[in-house]
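Commentary on secondary and tertiary structure
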Amino acid sequence: MEAGDNPAQAELEDIDTINLMTVHASKGLEYPVVFMVNLVADRFPTRNKRDVIDVPVELIKETLPSGDEHIQEERRLFYVGMTRAQKYLYLTLAKNYGGKREKVPSGFLGETGLKMEYVGKVTDEKSGGQDTLFGITSPFRDPKAINIEHLVPQTMSYTQIDTYNACPLKYKYSYILRIPTLPNYALSFGTTMHETLKEFHTKRMFGKEVSLEDLYEIYERKWIPLGYDDEKHRTERFESGKRVLEEYFNKHAAGKDNIEALEKSFNLRVGGTNFFGRIDRIDNLESGGVEIIDYKTGTAKSQKDVDRDAQVTIYAMAAKEALGLKPDLLTLYFLESGERVSTTRTPDDLVKQKEKIVETVENIKKGEFEANPTIQCGWCDYKDICPFAYKG
Ligand code: SF4
């Protein structure tokens, strides 16, 4: 990075992020470790860029310092950079920046009175020294040395638990560091379908007739066009969504809905942690109990997978303990294939699921964010920035 570049900086402090910034941008800030780089002549201090138009001295109101103002200003900046360090300060330069001639160290380095050490090649001894700063034995890398308590979300959700269990590092990127991700078409499509069906059934609950054309109109209004590869991909998915809705309409429009609630929110206390979620649909059953229905887009799961699905267990727990219902049937409705896969849960299943949630939350609070690279990294939003991403 050259002087003047000023990339967006992570706003998070007290966690193991690296902030890249100019000396100007660092004013007023302090960090445990500071690296000042490019400390060679013509880079720090930079060459004096003279004003395009010389301002007549008579027009300048303040008293100008005597001597070379540019060098004095650069020296002040150098001092600002050095004094940002709380614990370690590294002043670094290279002999070769790609030009023909070897670079000369910045004159400011000499002024510090520090002895320069040439690190031509990282020897074993040197790498051991580096290791104590950022290597695996570094205190700066010890998750427990970093207080993340205040960064852990106060409310947990199934998605958070699922993300952590798939890859703790992915959880950290998403929920602790909150690194934004690009729009994802699968999420856009799923949200569109959920919102469309919610409005379709809400209208019917209020006694309104909803035709297939009305359903298409809702779909077009709810359509989220983000995250698709290109226009062709977007159009294909849009058309496939219409086909899914047509099939859904043909199956359900003639019958009578027996809906107790749509998009029902719940709050649960699980081992001292607040747990939040939303159930897509709750239907009344003749047994006096209810059927919990979760709409899914994407590939259908097998009966075996649904029988041990954690989300289904959490919904059963929520229906019983937070909503006071009797969840006799738990169904994942795979919209694209039209399959409904139903299951049940015993009280013992709920107890075991709670224990798993408590254990996961404890690990999150302890700051345990080991990477779990698998073939799933190919679909991870952070694969381009993750040093552990599975490459096959
Ligand atoms: S790329 Fe893989 S290892 Fe890295 S955060 Fe994502 S899932 Fe985890």
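Source: prediction; values computed, not measured. (Residues numbered from 1 in each chain as written. Predicted model: local features only at pLDDT ≥ 70, side-chain atom pairs only at ≥ 80, totals over all residues. Heavy atoms only, no water.)

Here's the deal with the packing of aromatic side chains
Definition in use: We call Phe, Tyr and Trp rings a pair once their centres come within 6.5 Å, taking the six-membered ring for Trp, and we label the pair stacked below 30 degrees between planes, edge-to-face above 60, and tilted otherwise. Secondary structure is summarised from DSSP: a helix means a run of H or I of at least four residues, a strand means a run of E of at least two, and numbering begins at the N terminus for each. Here's how the labels work: a residue is buried when its accessible area is under 20% of the maximum for its type, exposed when over 50%, partly exposed in between, all with a 1.4 Å probe on protein chains only. Either the NZ atom of lysine or the CZ atom of arginine qualifies as a charge over a ring when it sits within 6 Å of the ring centre and within 35 degrees of the ring normal.
Summed over the entire model, instances satisfying the criterion amount to 20 aromatic pairs. Seen from their ring centres, Y185 and Y228 are 5.7 Å apart, and the 40° between their planes marks the pair as tilted. In this pair, Y185 is assigned in helix α7 (residues 185–205) and Y228 in the loop between α8 (212–222) and α9 (231–252), connecting sequence segments 43 residues apart. Relative accessible area serves as the criterion here: at 8%, Y228 is assigned to the buried category. Among the aromatic residues, those joined into a ring-pair cluster are Y185, Y219, W223, Y228 and F238. Sitting above the plane of the F189 ring, R237 keeps its charged end 4.3 Å from the centroid. Residue placement shows K242 over the ring face of Y216; its charged tip is 4.8 Å from the ring centre.

A word on helix α12 (residues 347–365)
Applicable threshold: In this scheme, a helix's expected span is set at 1.5 Å multiplied by one less than its residue total. The arc in question is formed by the directions pointing from the helix axis toward the C-beta atoms. The criterion used for residue contact is that any of the two residues' heavy atoms lie within 4.5 Å.
Helix length check: α12 (19 residues) gives 27 Å between terminal C-alpha atoms against 27 Å at 1.5 Å per residue, within 8%. Buried residues of α12: L350, Q353, I357, T360, V361, N363 and I364, and no others. Along the long axis of α12, the arc covered by the buried residues comes to 155°, so they all point the same way. Residues P347, E355 and E359 are exposed on α12 and point more than 90 degrees away from its buried face. Check the buried side of α12 and you find it contacts β3 (155–156), α5 (158–166), α6 (168–176), β4 (259–270), β5 (273–284) and α11 (310–322).

Examining the site of the ligand
The condition is simple: Nearness of a residue to a molecule or strand requires only that one of the residue's heavy atoms be within 4 Å of it. Residues are sorted three ways: Asp, Glu, Lys and Arg are charged, Ala, Val, Leu, Ile, Met, Phe, Trp, Tyr, Cys and Pro are nonpolar, and all the rest, Gly among them, are polar.
Close to the ligand lie C167, K170, Y173, P373, C377, C380, K383, C386 and A389, which account for all nearby residues. Residues that form the shell around the ligand fall into these classes: 7 nonpolar, no polar and 2 charged.

Some words on the confidence of the model for the chain
Counted only if it meets this: A residue's pLDDT is the confidence the predictor assigns to it, expressed on a 0 to 100 scale.
The predicted model of the chain averages 85 in pLDDT, with 83% of residues at 70 or higher. The low-confidence segment residues 122–135 (pLDDT under 50) makes 20 contacts with residues lying over four places distant or belonging to another chain.

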